[in-house]
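Structural description and commentary
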Amino acid sequence: MASLDRVKVLVLGDSGVGKSSLVHLLCQNQVLGNPSWTVGCSVDVRIHDYKEGTAEEKTYYVELWDVGGSVGSASSAKSTRAVFYSSVNGIILVHDLTNKKSSQNLYRWSLEALNKDSSPTGVIVTNGDYDREQFAENLLPLLVIGTKFDHIPENKRSDVLARTAFLSEDFNAEEINLDCTNPRYLAAGSSNAVKLSRFFDKVIEKRYFTKDSNQMAGFSERKRFNFKTLHYD
């Protein structure tokens, strides 16, 4: 298993949206009991079967890089995070469904990771009002995940989901809404599990089966960084 090919997926979003809990659920299939703030970057690994059930099935490592910090932080913090953005094959954008600001900030996170955030204030977004051309040339697969779904009162869920529906369209990505404290949202065979598998398949497809994949979205093959939180067991 140690010789498996691998892909690198960034997990981006504001502090407190539940990125660490999400990564733990995706990689360990368990709820994270005592989540803490991520300093720098934490990396965990998920084993994924590409095109499962077909003649092309093959197992890969998916490295999930949980990047900490705030998108509105100083330029020095952004330059520090930039070391995590090299050799990326896909991005998971995470927002808190109960926090409108975290949804709006996904645009700023994505532009920062794609090396297009040239201004310290990033992008001003109001219900999808932003410059789509900034994402037009992006070839990286994206997935949008909304967390804390169970925290929304049932009588308000339709309004919240309507408010965030534009995200998947703007990023040309599928959307998953869940609660990281409830594994049933990613149960095998569920629509969320299918979307997740489809996203990882797309990431692998772009990395290993698409010409010039190493030149996608301006990402170059640079240094590899080792973290004590990187697990392959």
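Residues numbered from 1 in each chain as written. Predicted model: local features only at pLDDT ≥ 70, side-chain atom pairs only at ≥ 80, totals over all residues. Heavy atoms only, no water.

**Some remarks on the nonpolar core**
Counting residues in hydrophobic clusters, the biggest one holds 31 residues, and the most contacted among them are Leu 22, Leu 64, Ile 92 and Leu 178. Counting only elements with at least two residues in this core, the list comes to strand S1 (6-12), helix H1 (19-28), strand S3 (58-67), strand S4 (90-96), strand S5 (142-147) and helix H6 (191-208). For Leu 178, the residues in contact, after removing those within four places along its chain, are Leu 22, Ile 145, Gly 146, Thr 147, Lys 148, Phe 149, Tyr 185 and Leu 186. (Core = buried A, V, L, I, M, F, W, Y, C linked by side-chain atoms within 4.5 Å. Buried < 20%, exposed > 50% of the residue type's maximum accessible area, 1.4 Å probe, protein only. Helix = DSSP H or I, 4+ residues; strand = E, 2+ residues; numbered from the N terminus. Contact = heavy atoms within 4.5 Å.)

**A look at the environment of Ser 168**
Here Ser 168 is to be found in helix H5 (residues 166-170). Taking the C-alpha atoms as reference points, Ser 168 and Leu 142, separated by 26 residues in sequence, lie 9.1 Å from one another. With near-sequence residues (within four places) excluded, Ser 168 lies in contact with Ala 173, Glu 174 and Glu 175. Within the structure, the side chain of Ser 168 is placed 3.1 Å from the backbone oxygen of Ala 165, a separation counted as a polar contact. (Polar contact = N/O pair within 3.5 Å; in protein donor to acceptor, adjacent residues only side chain to side chain.)

**Section: the sheet that holds S1**
Pairing in this open sheet of 6 strands is mixed, and the strands run S2-S3-S1-S4-S5-S6 from one edge to the other. One side of each edge strand has no neighbouring strand; the edge strands of this open sheet are strand S2 (41-50) and strand S6 (174-177). For this sheet, the mean inter-axis angle between neighbouring strands, taken without regard to orientation, is 25°. Bridging between S1 and S4 involves 4 bridges; their strand directions are parallel. Its bridge partner lying in S4, Leu 12 is registered against Leu 93. Along the sheet, helix H3 (residues 100-113) contacts S1, S4 and S5; its crossing angle with S4, the most-contacted strand, is approximately 155°. (Pairing = 2+ DSSP bridges. Axes fitted to C-alpha atoms, helices over the stretch in contact; angles between N-to-C directions.)

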